[in-house]
Amino acid sequence: MKSLHKLIAVAAIAVAAALPAVSHAIEPIVVLNEDFNDIGTLDNWSLVNNSVPPGQAWSQGNPGVFPAPSGPPSSYLAANYLSAQNGMGSIDNWLITPVVTLIGPSELSFFTRSASATGFGDTLEVRFSPGTGSDTGGFNTVLGILGGISDYPTVWQQVISSINYDGQGRFAFRYVGDASAANYIGLDAVVVTTVPEPGTYWMLLAGLGSLVLLRRRQIT
């Protein structure tokens, strides 16, 4: 029968040997994946239109303007100058994701584009808020801005924003600007992934080693 000290040493060596292999094999965990096939079936998304005066919220894509990058032609969400009533006023139109749980370095990926029209410009802010609330005042972390002083892409383009956070939170897409200068944008294929910190695997493997050790003690 092996002594307790020898078993502990064997378990520690096994954990140390396994960690490098596991670290290289860490795969991102998908915590949100939405293709917007039907806005009527969205679960726990929030649409908040703070435009002055408020007009249309985010809506199902119009394939007559442009089709989705993949899937059915209308399978994307859109916002346009009518976010402010009758296309006159100040746009402040929000699309907020469901609550997601992040456990370290994380990425928000999505596709977007605008309609090609001379003399108009669109702006989309990408934001994050810790916690579970949907109050737009809590989305103070700006992850990126598309358009504004630069041209908004006029073909579907993937955008990736990164954040390192541990806990629950929500991402938001904020369509903003002067309605008289805005046009039309589309948003599709929103995916959020998160990757556990390496320290998490130390704890998991150490726990596994303890379980193996206890099992051996019961048998011998």
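All of these numbers come straight from a predicted model, not from anything done at the bench.

### Focus: the overall build of the chain
- Along the backbone of the chain there are 2 helices and 10 strands.
- Each of the 220 residues in the chain was classed as buried or not, and the buried ones make up 41%.
- For the chain, restricting intrachain contacts to residue pairs at least 6 apart in sequence, the fraction spanning at least 24 positions comes to 80%.
- For the chain, the accessible area works out to roughly 11500 Å², and carbon and sulfur atoms hold 57% of it.

### Some words on the pairing of strand β6 (residues 100-114)
- When β6 meets strand β9 (residues 157-178), the two strands line up antiparallel, connected through 13 bridges. From the neighbouring strand, P105 faces β9, where its bridge partner is N164.
- As defined by bridge partners, β6 adjoins strand β10 (residues 184-194) across 8 bridges and the pair is classed as antiparallel. Its bridge partner being in β10, T112 is matched across the sheet by L187.

### Considerations on the nonpolar core
- Membership of the largest hydrophobic core comes to 30 residues, with the highest contact counts inside it found for W58, L108, F110, F171, F173 and V190.
- Of all the elements in the fold, those that place two or more residues in this core are β4 (77-80), β5 (90-96), β6, β7 (123-130), β9 and β10.
- The dominant element in this core, judged by the number of residues it contributes, is β9, at 5 residues.
- Among the nonpolar cores identified, the runner-up in size contains 7 residues, and F66, A115, W156 and Y184 belong to it.

### Comments concerning unusual backbone geometry
- Following V52, the chain continues to P53 via a peptide bond in cis, the omega torsion being -15°.
- By the element assignment, P53 lies in the loop between β2 (46-49) and β3 (59-60).
- The residue N44 is not glycine, and still its phi comes out positive at about 70°.
- Relative to the helices and strands, N44 is located in the loop between β1 (29-34) and β2.

### A look at the side chain of S161
- With respect to the secondary-structure elements, S161 resides in strand β9.
- For S161, a relative accessible area of 6% corresponds to the buried category.
- Leaving out residues up to four positions away in the same chain, S161 has contacts with S106, E107, L108, V126 and L143.

### Observations concerning the pattern of salt bridges
- A full pass over the atoms with the stated rule returns 3 salt bridges.
- Of the charged contacts in the structure, one is a salt bridge between D92 and R174, with a shortest N-O distance of 2.7 Å. With a gap of 82 residues between them, D92 in strand β5 and R174 in strand β9 connect regions that are remote in the sequence.
- Among the ionic pairs, R127 bridges to E125, the shortest N-O distance being 2.8 Å.
- With relative accessibility at 13%, the residue R127 sits in the buried group.
- The exposure class of E125 is buried, given its relative accessible area of 12%.
- Each of D92, E125, R127 and R174 takes part in a single network of salt bridges with overlapping partners.

### Section: the pairing of β9
- Two elements, β5 and β9, share 7 bridges in a ladder whose sense is antiparallel. Bridging across to β9, I91 finds its partner in G177.
- Summarising the sheet, β7 and β9 pair through 8 bridges and their orientation is antiparallel. From the neighbouring strand, F128 faces β9, where its bridge partner is F171.

Cut-off values and rules
- Residues numbered from 1 in each chain as written.
- Predicted model: local features only at pLDDT ≥ 70, side-chain atom pairs only at ≥ 80, totals over all residues.
- Heavy atoms only, no water.
- Helix = DSSP H or I, 4+ residues; strand = E, 2+ residues; numbered from the N terminus.
- Buried < 20%, exposed > 50% of the residue type's maximum accessible area, 1.4 Å probe, protein only.
- Contact = heavy atoms within 4.5 Å.
- Areas by Shrake-Rupley, 256 points an atom, 1.4 Å probe, with all protein chains shown as cover.
- Pairing = 2+ DSSP bridges.
- Core = buried A, V, L, I, M, F, W, Y, C linked by side-chain atoms within 4.5 Å.
- Salt bridge = Lys/Arg side-chain N within 4 Å of Asp/Glu carboxyl O.

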